[in-house]
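Notes for the structure review
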Amino acid sequence: MYSSHQLRGNVSNAVLPSDFREVLQRRLGELERQLLSKVAELQDEKSLLHNETSAHRLKTESALNALLQRVTELERGNSAFKSPDAFKVSLPLRTNYLYGKIKKTLPELYAFTICLWLRSSASPGIGTPFSYAVPGQANEIVLIEWGNNPIELLINDKVIQLPLFVSDGKWHHICVTWTTRDGLWEAFQDGEKLGTGENLAPWHPIKPGGVLILGQEQDTVGGRFDATQAFVGELSQFNIWDRVLRAQEIAHIANCSSNMPGNIIPWVDNNVEVYGGASKWPSESCEERLLDL
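Everything numeric here is computed off the predicted structure, so don't read it as measured data. (Residues numbered from 1 in each chain as written. Predicted model: local features only at pLDDT ≥ 70, side-chain atom pairs only at ≥ 80, totals over all residues. Heavy atoms only, no water.)

Judged by nonpolar contacts, the single largest core of 45 residues is most densely connected at L106, F112, I141, L162, I206 and F238. In terms of residue count, the dominant contributor to this core is strand 3 (residues 111–119) (4 residues). If we skip the residues at most four places from it in the chain, I206 touches L106, P107, E108, L109, F112, Y132, E140, I141, I155 and W178. By size, the runner-up hydrophobic cluster in this structure holds 7 residues, among which are C175, W241, L245 and I250. (Core = buried A, V, L, I, M, F, W, Y, C linked by side-chain atoms within 4.5 Å. Buried < 20%, exposed > 50% of the residue type's maximum accessible area, 1.4 Å probe, protein only. Helix = DSSP H or I, 4+ residues; strand = E, 2+ residues; numbered from the N terminus. Contact = heavy atoms within 4.5 Å.)

Okay, structure coming up:
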């Protein structure tokens, strides 16, 4: 039996044969699934202990926290991806404590393009794939499908509805572009422009120095998540550029003929942290995701 320390050390050893690394990764996945199952059991038990003694409640809380910490340690040891961008973030439960965090922040932006691959069959609504909050404005940039509403893009708390349909459990490539000039916006799904408009937070520069969260909607900077707005599913290739990409560039990314990392936020392993039982796994290739459409 490998200890978790040995597993992490071995998984990060670049000289191991790939098949051995895959065995270790599967073992790591099994450990993580067991821990998540135990976490779920303890969550259920905790809810039943409302009228029990405070000592018993504290004991359960301590065990739950210890397990969540252990899951986080395992996740951080899971770094044997074929390349730094060949991973996805899995958010399997609708909670207020599973999420990913982008280590880098944004500069002041006068335009952007945000693209990502996502897969979700959550109902009603897939939740919040990503949110960017700054001091004084929790909804600086948010993509959300909440309840029975269409997918919405919020900028500086102004909102527009997007003609995107992605809750079928298949991989989809999504891009949104925006410029402060007249608040012009575009929405792309699987390389095709499905919507465009204007007057979305016109002449409002995106504020710098905020927090980018994957899978949760922020009510304060970096926190106060609402489980009903949480994303359930898988996310990959979350990239941000400081300009409006051309339709042809977006089509090339979506059809796997171009790999173009974001010049502001690129999708790389060491820039994405996961918390609360969210996990990082080797991702399907771009071509495999394309076959899923």
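The structure having been displayed, the exposition proceeds.
So, on to the side chain of K88. Of note, K88 is situated in strand 1 (residues 87–91). For K88, a relative accessible area of 8% puts it in the buried group. A distance of 3.0 Å separates a polar atom in the side chain of K88 from a polar atom in the side chain of E284. Contacts of K88, omitting those with residues within four sequence positions, involve R119, W171, E234, L235, S236, W267, S279, K280, W281, P282, S283 and E284. (Polar contact = N/O pair within 3.5 Å; in protein donor to acceptor, adjacent residues only side chain to side chain.)

As enumerated under the stated definition, the model contains 5 aromatic pairs in all. Summarising the aromatic geometry, the rings of F130 and F238 are spaced 5.2 Å apart at their centres and angled 55° between planes, so their arrangement reads as tilted. Of this pair, F130 sits in strand 4 (residues 127–134) while F238 is found in strand 12 (residues 233–241), placing the two residues 108 residues apart along the sequence. In this structure, F130 and F238 share a single accessibility class: buried. An aromatic cluster of three or more residues is present, and its members are Y99, F225 and Y275. Here the basic side chain of K280 rests over the ring of F87, its NZ or CZ set 5.3 Å away from the ring centre. Residue placement shows R289 over the ring face of W171; its charged tip is 5.8 Å from the ring centre. (Phe/Tyr/Trp six-rings, centres within 6.5 Å; stacked < 30°, edge-to-face > 60°. Lys NZ or Arg CZ within 6 Å of the ring centre and 35° of its normal.)

Let's shift gears to the side chain of D85. For D85, the location among the structural elements is in the loop between helix 3 (54–77) and strand 1. Notably, D85 is buried but unbridged: the nearest opposite-charge side chain belongs to R289, and the N-O separation is 7.3 Å. A polar contact is formed between the side chain of D85 and the side chain of S83, at a distance of 2.8 Å. With residues near it in sequence (within four places) discarded, D85 still touches Q237, N259 and W267. (Lys, Arg positive; Asp, Glu negative; His and termini not counted. Salt bridge = Lys/Arg side-chain N within 4 Å of Asp/Glu carboxyl O.)

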